[in-house]
Amino acid sequence: MRTGFSVETVRAAERALMAELPEGALMQRAAAGLAAACAGLLGRVYGARVALLVGSGDNGGDALYAGARLARRGAGVTAVLLAPERTHTGGLRALRAAGGRAVEASAGVPAVERADLVVDGIVGIGGTGGLRPEALPLVHAAEGALVVAVDLPSGVDADTGEVRGDAVRADATVTFGAYKPGLLIDPAREHAGAPHLVDIGLALPAAPDVEALQHADVARLLPRPAAESDKYRRGVVGVVAGSARYPGAAVMAVAGALYGGAGAVRYAGPAADAVIARFPETLVTAGPPSAAGRVQSWVVGPGLGDDPQGRQALADVLASDVPVLADADALRLLSPEALYDRRAETVLTPHAGEAAALLGLSREEVESARLASARALASRYGVTALLKGSTTLVAPPAGGPVRVNPTGTGWLATAGSGDVLSGLAGALLAAGLRGVDAASVAAYLHGLSARALGAAPLTAMEVAEGLRGVWRDVSIG
């Protein structure tokens, strides 16, 4: 599990460790890790040209001490000082003693333009807002070089992943002690490049602020049929989706459930002919969901439309005593009161626009504050909230770490993709996974399936059909 901790938590751990170490020892640990990462990216340090963008405080000090290490290995290192009067004195002294030089920001652009590697030490994890105007020419001058950010790209919010102005776009970010949420959550994640974690010996709490599943975590959570399993032990999913106008939504949701490991799928809705034509093993009913037979979870909403039959079907599903996943039109039609009265788990899977409507915000507000929005949805409605996006977030209903999905890709922004995800998560709910696990495992497999198809256009059905392969790869990997 990759975990991320807030700035406050990291700083408290740093203070506790610094009280036990000689003065400056913790910064030297960070600088050693930063220098090693820079050397690895350069390949050949001797003769390389390195520019350090140095702000005030410890972040700039890390960059200066790392630059001194690179200078001692034969790199030509120039520190560009954005706040000369507040530059870390010990770091600057070490750089000059190692043969490096320093210039003020007004004279720094040529050194940055010539550099093979640029180290962003402008602003640390406590920074807020975008870059200051005096930093912009230097950042633009670095566009032709490898850019390595110190702890976090300058201009992004460490705790939320928000970007409220101009920010550095790094090829790699070397972060110390722990990942910060902003390194894992868009839009800041796009600015961070490849993250490198340097262990500096921090003692961190057991519960992080965010966490990201890895292969081993998903493999541990995947349900596996036993020798005595039948379709009910594996999980039967009920699907209420589709309409005369959108029959394909029902087909996609059923595909996600079947390829996602369901023992059986019961379909209740007006698109039965389309579903049976594609998946003849589906059990269909013309009556209300409550008459469909025994299920262990319901998926409701994709392509449901506005007709009264769909509204009644949603109410019927929410009145059941099994886990329910509500997506798409169900999110628009549901009553908050119906959620508050439910005893079984409920999972909501909105995209940013749907989340905005549920929260009474604009889409732009949700997209710029995705972590806060996911938490607000889960808290307000007492549900597991899966907020779709390039980094899908899964927030549990009672607080605790928010899951960040690391496998997403922009190619999943295609018609029917969300319907497949809903069916897949519904199958995992039916198999007995709790809401946060079902939602985060589904997002992980969904993203992997898309990635396996390559950086090219894909269809939702291809993603569904690819689930078997990635399930197998995760299970045996």
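Residues numbered from 1 in each chain as written. Predicted model: local features only at pLDDT ≥ 70, side-chain atom pairs only at ≥ 80, totals over all residues. Heavy atoms only, no water.

The name that an unreviewed UniProt entry assigns to the chain is Bifunctional NAD(P)H-hydrate repair enzyme, with the source organism given as Streptomyces luteireticuli. Comment text from UniProt for the chain, heading Subunit (unreviewed entry), reads "Homotetramer." (UniProt positions renumbered as here; feature names shortened; annotations may be inferred.)

### Thoughts on the sheet that holds strand β12 (residues 283–285)
If you trace the 11 strands from one edge of the open sheet to the other, you get β1-β9-β18-β17-β16-β15-β14-β13-β10-β11-β12, paired in mixed fashion. Single-partner strands in this sheet number two, and they are β1 (2–4) and β12. Going from strand to strand, the sheet's axes swing by 20° on average, the running direction of each strand aside. Of the pairings in the sheet, the one linking strand β14 (residues 324–326) to strand β15 (residues 346–348) comprises three bridges and is parallel in character. Considered in β15, the bridge of Ala326 is made with Leu348. (Pairing = 2+ DSSP bridges. Helix = DSSP H or I, 4+ residues; strand = E, 2+ residues; numbered from the N terminus. Axes fitted to C-alpha atoms, helices over the stretch in contact; angles between N-to-C directions.)

### Observations regarding the environment of Gly242
Among the secondary structure elements, Gly242 is positioned in the loop between β10 (236–240) and α10 (247–259). Considered as a pair, Gly242 and Asp329 are 87 residues apart in the sequence and their alpha carbons are 9.9 Å apart. The contacts of Gly242, once residues within four sequence positions are left out, are Ala250, Tyr267, Pro270, Pro302, Gly303 and Leu304. (Contact = heavy atoms within 4.5 Å.)

### Observations regarding the environment of Ala178
Among the secondary structure elements, Ala178 is positioned in the loop between β7 (172–176) and α7 (188–192). On the accessibility criterion, Ala178 (4% relative accessible area) is buried. Between the C-alpha atom of Ala178 and that of Pro208, which follows or precedes it by 30 residues, the distance is 9.8 Å. (Buried < 20%, exposed > 50% of the residue type's maximum accessible area, 1.4 Å probe, protein only.)

### Looking at the UniProt feature "domain: YjeF C-terminal" (unreviewed entry) in the chain
In the numbering used here, UniProt assigns the "domain: YjeF C-terminal" (unreviewed entry) feature to residues 214–474. Across residues 214–474, the secondary structure splits into 48% helix and 13% strand, with the terminal C-alpha atoms separated by 10 Å.

### Topic: the pattern of salt bridges
Taken as a whole, this structure holds 14 salt bridges when the rule is applied. Residues Asp437 and Arg434 are paired through a salt bridge, measuring 3.0 Å at the closest nitrogen-oxygen approach. Look at Asp437 and you get buried, because its relative accessible area is 9%. The network of salt bridges with common partners includes Glu211, Arg403, Arg434 and Asp437. (Salt bridge = Lys/Arg side-chain N within 4 Å of Asp/Glu carboxyl O.)

### Some details on the sheet that holds strand β2 (residues 49–54)
The strand order β4-β3-β2-β5-β6-β7-β8 describes an open sheet built from seven strands, whose pairing is parallel. A strand with exactly one partner marks an edge of an open sheet, and here the two such strands are β4 (101–104) and β8 (194–198). Averaged over all adjacent pairs, the angle separating strand axes in this sheet is 20°, with direction ignored. Pairing analysis gives four bridges linking strand β5 (residues 117–121) to strand β6 (residues 146–150), with the strands arranged parallel. Paired with Asp120 across the strands is Ala149, a residue of β6. Most of the contacts of helix α2 (residues 25–42) go to β7, to which it runs at about 160°, and overall it touches β2, β5, β6, β7 and β8. Sheet contacts for helix α3 (residues 58–72): β2, β3 (76–81), β5, β6 and β7; angle to β2, the most-contacted strand, approximately 165°.

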